[in-house]
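# Residue-level structural notes
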Amino acid sequence: MKKLVMIGNGMAGVRTIEEILKLSTEQFDITIFGEEPHPNYNRIKLSNILQGDTHFEDIIINPLEWYQENKIQLYTGEAIVTIDAEGKRVISDQGREVEYDELIIATGSNSFILPIPGADKIGVTGFRDIKDCEMMIKSAGQYQKAVVIGGGLLGLEAARGLLNLGMKVEVVHLMPHLMERQLDPIASSLLKTELESQGMNFLMEKQTVEILGDERVTGLRFKDGSEVEADLVVMAIGIKSNIQVAKNSGIYVNRGIVVNDYMETSVPHVYAVGECAEHREIVYGLVAPLYEQGKILASHICGNETKPYEGSVTGTQLKVAGVDLFSAGEIFEDGTTKSIMVYNEYEGLYKRVLTRNNTIVGIVLYGDTKDSTRLYRMLTKKEDISGVSIFHTECTGEAGSNDVASMPNDELVCGCNGVTKGAIVEAIQTQGLTTLDQVSHCTNAGRSCGRCKPMVSQILAHTLGDQFDAAAAQKTSICGCTTVSREELVAEIKEKGLASVKEVMNVLDWNNTEGCTKCRPAINYYLGMIHMDEYKDDRDSRLVNEKMHANIQKDGTYSVVPRMYGGVTTAADLKKIAEVAEKYNVPLVKLTGGQRIGLFGVKKEDLPVMWEELDMPSGYAYGKTLRTVKTCVGAQFCRYGTQDSMALGIELEKKFERLDTPHKVKMGVSACPRNCSEAGIKDIGFVGIDGGWEIYVAGNGGVDLRAGDLLCTVKTEEDVMEMTGAYLQYYRETANYLERTSKWVERMGLDHVKEVLADEETRKALNERMDQTLNKYIEPWNEAIQNEEIKDKYYTRHNISVGSESK
Ligand SMILES: Cc1cc2nc3c(=O)[nH]c(=O)nc-3n(C[C@H](O)[C@H](O)[C@H](O)COP(=O)(O)OP(=O)(O)OC[C@H]3O[C@@H](n4cnc5c(N)ncnc54)[C@H](O)[C@@H]3O)c2cc1C
Ligand code: SF4
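Since we're looking at a predicted model, the values are computed, not measured.

## Remarks on the overall build of the chain
Each helix and strand in the chain was counted, giving 26 helices and 36 strands. Here the chain has a C-alpha radius of gyration of 28 Å; the compact-globule value for 807 residues is 28 Å, and the two agree. Seen along its three principal axes, the alpha-carbon backbone of the chain occupies a region of about 85 × 60 × 60 Å. A sequence separation of at least 24 residues applies to 63% of the contacts in the chain between residues at least 6 apart. Accessible surface computed for the chain: about 34500 Å², of which carbon and sulfur atoms make up 49%.

## A look at the site of ligand 1
For ligand 1, the set of nearby residues contains 32 residues, the closest of which are Ala12, Glu36, Arg128, Glu275 and Lys319. A distance of 3.5 Å separates an oxygen atom of ligand 1 from a polar atom in the backbone of Gly285. Protein coverage of the free-state accessible area of ligand 1, which is 990 Å², stands at 94%. Secondary-structure elements contributing two or more residues to the shell around ligand 1 are α1 (11–23), β2 (28–34) and α8 (287–301). Considering every element that reaches the shell around ligand 1, the biggest residue donor is α1, with three residues. The residue inventory of the shell around ligand 1, partitioned by class, reads 14 nonpolar, 11 polar and seven charged.

## Notes on the nonpolar core
Formed by 51 residues in total, the largest nonpolar core has its most connected members in Ile17, Ile83, Val90, Ile104 and Ile105. Leaving out residues up to four positions away in the same chain, Ile105 has contacts with Ile7, Ile83, Ala246, Ile251, Ile257, Val270, Tyr271, Ala272, Val273 and Cys276. Counting residues in each nonpolar core, the second largest holds 43 residues, with Leu46, Phe56, Leu156 and Leu178 among its members.

## Description of the packing of aromatic side chains
In this structure the tally under the stated criterion is 14 aromatic pairs. Each ring, one from Tyr343 and one from Tyr350, has its centre 5.4 Å from the other, and the planes form 80 degrees; the classification is edge-to-face. Relative to Trp744, the ring of Tyr727 lies with its centre 5.6 Å away and its plane at 75 degrees, an arrangement referred to as edge-to-face. Here Trp744 lies in helix α22 (residues 741–748) and Tyr727 lies in helix α21 (residues 717–734), a separation of 17 residues in the sequence. Trp744 gets classed as buried once you look at its relative accessible area, which sits at 0%. Among the aromatic side chains, those forming a connected cluster through ring pairs are Trp611, Trp781, Tyr794 and Tyr795. A cation over an aromatic ring shows up here: Arg15 above the ring of Tyr291, its NZ or CZ 3.9 Å from the ring centre. When the ring centre of Tyr640 is taken as reference, the NZ or CZ atom of Arg674 above it lies at 3.7 Å.

## Describing the confidence of the model for the chain
Overall, the predicted model of the chain reaches an average pLDDT of 90, with 96% of residues at or above 70. Long-range and interchain partners of residues 394–402, a stretch whose pLDDT sits below 50, account for 30 contacts in this model, where long-range means more than four residues apart. Across residues 798–807 the pLDDT falls below 50, and counting only partners more than four positions away or on other chains, this stretch makes 42 contacts in the model.

## Overview of the pattern of salt bridges
Enumeration according to the criterion identifies 50 salt bridges in this entry. Here Lys2 ties to Glu102 by a salt bridge, and the two come within 3.2 Å at their closest N and O atoms. Residue Lys2 is located in strand β1 (residues 2–7), and its partner Glu102 is located in strand β7 (residues 102–105); the two are separated by 100 residues in the primary sequence. On the basis of relative accessible area, Lys2 is assigned to the partly exposed category, the value being 34%. Of the charged contacts, one joins Lys351 and Asp368 as a salt bridge, the two residues approaching to 3.4 Å between their closest N and O atoms.

## Quick word on the site of ligand 2
Near ligand 2 you find Cys632, Val633, Gly634, Cys638, Tyr640, Gly641, Ser670, Ala671, Cys672, Arg674, Asn675 and Cys676, and these make up its full shell. Tallied by class, the residues present in the shell around ligand 2 amount to seven nonpolar, four polar and one charged.

## Re the sheet that holds strand β4 (residues 80–84)
Strand order in this open sheet of three strands is β4-β5-β6, and the pairing throughout is antiparallel. Looking at which strands have only one partner, the edges of the open sheet turn out to be β4 and β6 (97–99). The sheet shows a mean angle of 20 degrees between the axes of neighbouring strands, taken without regard to direction. Note that β4 and strand β5 (residues 89–92) share four bridges and pair antiparallel. The partner of Thr82 across the bridge, within β5, is Ile91.

## A look at helix α14 (residues 486–496)
Within the span of α14, buried status applies to Arg486, Leu489, Val490 and Ile493. One side of α14 carries all its buried residues, which in axial view fall inside an arc of 95 degrees. Trailing α14 by a residue or two, Gly497 shows a phi angle of about 60 degrees, which is positive.

## What to know about the packing of helix α18 (residues 571–583) against helix α19 (residues 607–614)
Between α18 and α19, the shortest axis-to-axis distance is 9 Å and the interhelical angle comes to 150 degrees. One element, α18, and the other, α19, form an angle in the roughly antiparallel class. Crossing handedness for the pair α18 and α19: right-handed. Residues Lys576, Ile577, Val580 and Lys583 of α18 form the contact with α19, whose own contacting residues are Met610, Glu613 and Leu614.

Analysis parameters
Residues numbered from 1 in each chain as written. Chains lettered and ligands numbered in written order. Predicted model: local features only at pLDDT ≥ 70, side-chain atom pairs only at ≥ 80, totals over all residues. Heavy atoms only, no water. Helix = DSSP H or I, 4+ residues; strand = E, 2+ residues; numbered from the N terminus. Rg over C-alpha atoms; globule rule 2.2 N^0.38 Å. Contact = heavy atoms within 4.5 Å. Areas by Shrake-Rupley, 256 points an atom, 1.4 Å probe, with all protein chains shown as cover. Near = heavy atom within 4 Å. Polar contact = N/O pair within 3.5 Å; in protein donor to acceptor, adjacent residues only side chain to side chain. Nonpolar A, V, L, I, M, F, W, Y, C, P; charged D, E, K, R; others polar. Core = buried A, V, L, I, M, F, W, Y, C linked by side-chain atoms within 4.5 Å. Buried < 20%, exposed > 50% of the residue type's maximum accessible area, 1.4 Å probe, protein only. Phe/Tyr/Trp six-rings, centres within 6.5 Å; stacked < 30°, edge-to-face > 60°. Lys NZ or Arg CZ within 6 Å of the ring centre and 35° of its normal. pLDDT = per-residue confidence, 0-100. Salt bridge = Lys/Arg side-chain N within 4 Å of Asp/Glu carboxyl O. Pairing = 2+ DSSP bridges. Axes fitted to C-alpha atoms, helices over the stretch in contact; angles between N-to-C directions. Arc of directions from axis to C-beta. Parallel < 35°, antiparallel > 145°, perpendicular 65-115°, else oblique. Left-handed = near helix turned anticlockwise from the far one by under 90°.

So, in structure tokens, the structure goes:
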């Protein structure tokens, strides 16, 4: 097998690998380096995250299991710093050297940060990755005033997000019109009016010359001497291709890494794809052309004959609620162009098509974009428009001219992924698809920005005719392997008495007999939750950390975190941990965020013997289960303590350890409202007060920061245990697999959860089912030590490894 290395684990690069795997799984031994600590995610949806429409875990495109299943060695959080083109090897910032036969550079771009004084102050960020998003969300929790520099696509999406996060937002723009490269002045002013009505304030024709403040930003100064206050500054003025590694290695670069029509760089066996690549003097910043490049590169690198990449015309849309706009091609008239225009100022509708020699060369639509796909097709195919009615809806906003029945088969439906109506219809007909999710899974349509989903739905309805079931089509199925939703799956397991993952897939007609990394762990969880006594866990269906009972790290080693109930340990246990760490040359011993001792960098084959020598229970620092119960020192030692937090923490951890839950569960116990264990941001937090305990639920200290809500106040430790058991069991029975308690409570409604748990009989029944479940669990480390078969299957060298599983 030839060795294929890819630098960059982003959207264009990984799509190229997907295309390669479609053509051949045998040709390459693939290694990917990604500087970010995440698997490939949908960067486009960062705007939706900021706007509160979706969550980080929902935008992962390729989960770690995908890499594992495709035998891809992934190094996350590791950047390549040198390409040795002569020696055909790359070297990472951690000193790792990997040889290649073929190398793909897919390093994307960085936000362009204005080179002005103060640009490095705390509170100044670009808008490019999860880290930037996290920073903005955190700032919104602490500060009031945000300034976004840049009134283009990214700037306006960031501004809308910051408004949603409760900040006061000013948008600073250098030019007299917003999105001036995509919109003409009329469309631009309609857009500005709409965004002002949503609460955005604009400072037009302002050039920022300095960022003010000491360590943290306090404001901006403009060239005209005026100033504006700011606690957060987002620079969204453009992107800069990430070309440094290529440049340092002698690969020819200009604005991007210069490539030919087959994405080959100036150095043999080195290719570039995505936002880092410059093709015919153009660097593209939208996924549609990048995916086209990826497809051609995949064919070429696999040795297949392929058409050359000849460049793309891109269409732009803005992902801001209440704004419907589309723009493509040329915007401004010159002596050779003629405009066809309709404008309904009253309704805020505007359409303009720029023509040259009887063909469309530019489109601007505002307020009604139903004509967009048809016009875009006419533009890209250079169709002759003589005698053709250009606007079907004539700015009335009435029924769609993109009527799917009259759409030709080669009309593009999903611009991002280049999927035509014909491809969707064929997939529906040949593969018996009935839901939007399935179409997306099979064709990629709707997998990126998601704007085409309504049209995909219409095509589904049109193709299926009488057999179309609107409710079923919209329903979110567990994954693309099935049309079955979570509720239906649970009901079917109960009704039909389905007893294994395989049986579920067979009986419920999964269209992929092996299932996938999304549905297999979910089915395994639901089966275990329903058949409390008799279900035998299907270990191979679990996510990688749970399968291994250890947390896989980004370099393929594991961590060992022994259980320390309530964060309390003994000198004897500490000695044991120290001896094992020394004996097995553990490179890092570290206190974890959950008050435990973690041994990091352990080889897979050393795991069972280390567990045996530690002779302590598994710490579950990795699973969808109770992780840790963090405690403060409490009344035993602290002069403020009103309750015994350590004793309660230990009791809780001992009772609920090893419980399978839809997602990880963390607890904290503080003995007074000073709350040293940070119980307010735990899934369940307990705060001691005079004469009892307050129970807080649905807190989250991670990516989606959320303060817990008060569920109730109880008097005794027995009450705490009873309420916690009932709450956890209700969560287990009603949450979607991989839904954190914070999201679950928001979905169900806190009042509803309170109401259910207020009923004593219900609490009793829930606790009975909880106890039944707890009775059957076994200690997994001990099981692995005792069982040779398990040891051989999971803890010998021959298994492949991937970077760390998402937290
Ligand atoms: C907020 C936002 C909204 C967007 N909205 C849209 C939209 O609506 N429609 C649309 O079409 N496009 C949109 N885009 C653009 C789209 O996301 C990009 O075009 C696409 O992600 C580019 O893919 P890429 O693989 O070239 O780069 P990226 O996705 O950026 O991936 C490059 C990866 O390489 C890594 N890397 C860089 N250097 C190294 C190194 N030396 N070693 C290892 N790894 C390295 C980076 O960390 C990064 O993870 C949006 C972008 C943003 C930020
Ligand atoms: S939470 Fe209260 S009791 Fe616990 S350690 Fe802090 S101050 Fe002391």
